[in-house]
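Examination of the molecular architecture
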Amino acid sequence: MSALELDRVPVLNRPCYVSECKEKTADSKPEFKYKLGMESHKLFVNNLPYETTEEQLREMFGKISSIKSLRMVTTKSGKFKGFGYVEYSDSNSAKRAILGT
């Protein structure tokens, strides 16, 4: 296993970012290797109480459709920041979640 294969592997529930160290030149532009397009199957959830648990979010959003993944954004010390991402298996599930149908 190479060190680059550890990129985005969770460590204490936070993704560990690993990338190749490249020398910067005057004409080099920043690169972002992950897609920047719309992720229609994923919901951004904001303004949540800091005491919210993963189980509560799974219960709340799991009523609509099966959750593929759930990510609660935390500080380096592990404290929940009050927002996160709910990922469904397809965009129709996410649309149903937004529209409440």
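Remember, it's a predicted structure, so these values are computed and weren't measured experimentally.

Looking at the overall build of the protein chain
Helices and strands together make up the secondary structure of the protein chain, namely two helices and five strands. Reading the protein chain from its N end, one meets helices and strands in the order β-β-β-α-β-β-α. In the protein chain, buried positions account for 24% of the 101 residues. Within the protein chain, residue pairs in contact and separated by at least 24 positions form 46% of the contacts whose partners lie at least 6 positions apart. Element-wise, carbon and sulfur atoms account for 54% of the exposed surface of the protein chain, whose accessible area totals about 8300 Å².

What to know about the pattern of salt bridges
Scanning all chains against the criterion turns up two salt bridges. Between Glu-87 and Lys-68 there is a salt bridge whose closest N-O contact spans 3.7 Å. In this pair, Glu-87 is assigned in strand E5 (residues 80-88) and Lys-68 in strand E4 (residues 67-74), connecting sequence segments 19 residues apart. Exposure remark for Lys-68: the relative accessible area of 56% places this residue in the exposed category.

Here's the deal with the pairing of E4
Pairing geometry for E4 and E5, over six bridges, is antiparallel. In the sheet register, Met-72 faces E5, and the bridge partner there is Gly-84. Adjacent in sequence and paired antiparallel, E4 and E5 are bridged by five residues, among which Gly-78 carries a positive phi angle near 95°.

Regarding the sheet that holds E5
Taken together, the three strands give an open sheet; going across it, the order is E3-E5-E4, and neighbouring strands pair in antiparallel fashion. A strand with exactly one partner marks an edge of an open sheet, and here the two such strands are strand E3 (42-45) and E4. For this sheet the average axis-to-axis angle between neighbouring strands, irrespective of direction, equals 15°. Against the sheet, helix H1 (residues 54-62) engages E3, E4 and E5, with an angle of about 140° to E4. In the packing of helix H2 (residues 91-99) onto the sheet, contacts are made with E3 and E5, and the angle to E3 comes to roughly 35°.

The rules behind the values
- Residues numbered from 1 in each chain as written.
- Predicted model: local features only at pLDDT ≥ 70, side-chain atom pairs only at ≥ 80, totals over all residues.
- Heavy atoms only, no water.
- Helix = DSSP H or I, 4+ residues; strand = E, 2+ residues; numbered from the N terminus.
- Buried < 20%, exposed > 50% of the residue type's maximum accessible area, 1.4 Å probe, protein only.
- Contact = heavy atoms within 4.5 Å.
- Areas by Shrake-Rupley, 256 points an atom, 1.4 Å probe, with all protein chains shown as cover.
- Salt bridge = Lys/Arg side-chain N within 4 Å of Asp/Glu carboxyl O.
- Pairing = 2+ DSSP bridges.
- Axes fitted to C-alpha atoms, helices over the stretch in contact; angles between N-to-C directions.

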